[in-house]
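Chain residues, written in single-letter form:
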Amino acid sequence: MDYKKAGVDIEAGYKSVELMKEHVRKTMREEVLGGIGGFSGAFDISKFKDMEEPVLLSGTDGVGTKLKLAFLLNKHNTVGIDCVAMCVNDVACAGGEPLFFLDYIACGKNEPEKIATIVSGVAEGCLQADAALVGGETAEMPGFYPVDEYDIAGFAVGVVDKKDLITGADIKAGDTLIGIASSGVHSNGFSLVRNVFKMTEEALNTYYDSLGSTLGEALIVPTKIYVKAMKAVKNAGVKVKGCSHITGGGFYENIPRMLIEGTHANIKKDSFVIPPIFEMLAKDGNVEEAAMFNTYNMGVGMLTAIDKNDVDKTVEAIRAAGEVPYIMGEIAAGEKGITLL
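Calculation notes
- Residues numbered from 1 in each chain as written.
- Predicted model: local features only at pLDDT ≥ 70, side-chain atom pairs only at ≥ 80, totals over all residues.
- Heavy atoms only, no water.
- Phe/Tyr/Trp six-rings, centres within 6.5 Å; stacked < 30°, edge-to-face > 60°.
- Helix = DSSP H or I, 4+ residues; strand = E, 2+ residues; numbered from the N terminus.
- Buried < 20%, exposed > 50% of the residue type's maximum accessible area, 1.4 Å probe, protein only.
- Pairing = 2+ DSSP bridges.
- Axes fitted to C-alpha atoms, helices over the stretch in contact; angles between N-to-C directions.
- Parallel < 35°, antiparallel > 145°, perpendicular 65-115°, else oblique.
- Left-handed = near helix turned anticlockwise from the far one by under 90°.
- Contact = heavy atoms within 4.5 Å.
- Nonpolar A, V, L, I, M, F, W, Y, C, P; charged D, E, K, R; others polar.
- Expected span 1.5 Å × (residues − 1).

Visitor: Even after reading the chapter, I still don't get the packing of aromatic side chains, so can you show me in this structure?
Guide: Aromatic rings considered in pairs are described by the distance between their centres and by the relative angle of their planes. On inspection of all chains with the given rule, the structure shows eight aromatic pairs. Plain terms: the ring middles of Phe-272 and Phe-293 are 6.5 Å apart, the flat faces sit at 80° to each other, and that makes the pair edge-to-face. Within this pair, whereas Phe-272 is found in the loop between β11 (263–267) and α10 (276–285), its partner Phe-293 is found in helix α11 (residues 289–293), the two being separated by 21 residues in sequence. Note on accessibility: Phe-272 and Phe-293 belong to one class, buried. Among the aromatic residues, those joined into a ring-pair cluster are Phe-251, Phe-272, Phe-293 and Tyr-326.

Visitor: In this structure, what is going on with the pairing of strand β10 (residues 242–245)? I would like to understand it.
Guide: A regular strand places its side chains on the two faces of the sheet in alternate fashion. Side chains of β10 alternate between two faces, with Gly-242 and Ser-244 and Cys-243 and His-245 buried alike. Two elements, β10 and strand β12 (residues 300–306), share four bridges in a ladder whose sense is antiparallel. Bridge pairing links Cys-243 to Thr-304 in β12.

Visitor: Explain the packing of helix α3 (residues 79–93) against helix α4 (residues 112–129) to me, please; I cannot follow it from the model alone.
Guide: Between two packed helices, the angle of one axis relative to the other and the distance separating the axes together describe the packing. Relative to each other, α3 and α4 sit at 40°, their axes nearing to 6 Å. When the axis of α3 is compared with that of α4, the two are oblique. Read as a crossing pair, α3 and α4 show a hand that is right-handed. Contacts from Val-79, Gly-80, Ile-81, Val-84 and Val-88 in α3 reach Ile-118, Gly-121, Val-122, Glu-124, Gly-125, Cys-126, Gln-128 and Ala-129 in α4. Grouping the constituent residues of the contact of α3 with α4 by class yields eight nonpolar, four polar and one charged.

Visitor: Can you help me understand α4 in this one?
Guide: Side chains that are three or four residues apart share a direction in an α-helix, a result of its 3.6 residues per turn. Counted at 1.5 Å a residue, the expected span for α4 with its 18 residues is 26 Å, and the 26 Å between its end C-alpha atoms agrees. Within α4, 13 of the 18 residues are buried, leaving the element largely enclosed by the surrounding structure. Looking at the residues trailing α4, positive phi occurs at Asp-130, about 55°.

Visitor: Help me out: how do you make sense of the sheet that holds strand β6 (residues 150–161) in this one?
Guide: Backbone hydrogen bonds are what pair the strands of a sheet, in a parallel or an antiparallel way. Across the sheet, four strands lie side by side as β3-β6-β4-β5; this open sheet has mixed pairing. Single-partner strands in this sheet number two, and they are β3 (54–62) and β5 (132–140). Within the sheet, the average angular offset between the axes of one strand and its neighbour, ignoring direction, is 15°. Here strand β4 (residues 97–107) runs beside β6; their pairing, made up of 10 bridges, is antiparallel.

Visitor: Just to check I follow, could you spell out unusual backbone geometry for this structure?
Guide: Most of the time, phi is negative for any residue but glycine, and the peptide bond is trans. The phi angle at Asn-286 is positive, at roughly 50°, despite the residue not being glycine. If you trace the backbone, Asn-286 turns up in the loop between α10 and α11. On the basis of relative accessibility, which here comes to 68%, the residue Asn-286 falls in the exposed class. A positive phi is found at Met-298, a non-glycine position, where the angle reads about 55°. Along the chain, the position of Met-298 falls in the loop between α11 and β12.

What follows is the structure in C-alpha cells.
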C-alpha cells in the first residue's frame, strides 16, 4: 500500500504545478518576490510608504453551485475568473487596489490538465484585476469529493490610503446612484437556477433566440471584474461616497449595506437593462419580481453613490474602462433601505 493506491497521486500534483506555471507567470507584478514554487508568496510593500495611512483590505469567496454547471458542460476555464471576481470586487468596492490573490482547489481526483485549465481562469481573472497570483493549493481528497468534481475558493489582499476608503459616511440626500452593468447571473443564486432549469446536457445545449446563445452559455458567462472601472472613476477625480457589490441577496440585501442611517436609495427599474436570462428565469420558475431582486443582480453588478455634480465624469470614466454605466436613481432622506420605482 502507498499513497497513490490510497487515491492520492503525488506525481499528478507535480504535473499540475508545472502545467499551471505558464498561466501564473502572466500575472506577476514587479512587487512579487521569489517567483513561483515557494512555501509562501512574498510581496514587496515598500510602495505603500507613499500613502499617508495605508490600509490593507481582504476578500475571500468561492464560486458556489455554479460549479455544477461547469461539470455538466465540461467547461473549466471560466470558473477561476468567477472566483477572482467575487473576491477582488469586494476589495474594489471599498476603494482598494487588489494586490495579490491565492486560490484553493479541492478535488476528488487530480487530473493535471483539468487543474491547469481551472488555474488558467484564475490567472485571467487576476490579469483583469491587475493582481498577482502569488500562490495556491490543490488538494486531492479521494472519498471526500467525487472523482470528477472539485471546489474552488480564493483570497485577495488589496490596499487603499485611508482617506480614499469608501465607507458611505458622506452619503447624503441628493446624491446620484450610478450602476455598472453585470454580465449575467454572475456567481450567485445557482441553487435556484438549478431548480428552475433542467440541468441536463440537452437542456443546457439548447439555443434560444432571446438569449442569443444556448442556455448553458448564458449561465456560465463569468462574473464581471470591476477593478479597472472603479479605478477609472477614482482617476477621473470623482469621490465615490458609497459602493455596493451586488451579489447574493440582490438589491434588497446589498445596497443598504453602503447606506448610513437616515438615507434611502430610490432606484428606477426602467433605468437599466435586465438581461434576458433573468426574464427567462423569472418566467420559467414563476419567481416573483421581489424575489428576483432579492436574489440576483438583475443586470447591475456594482452600484455607486456620487455627488450629483460628478455624474458626467463618472459615466465617462466607466465607459472609457469598457463597461456600461446606468444612472439609476438618487439618495433620499428616510429610513435606511431601498425602493424600486
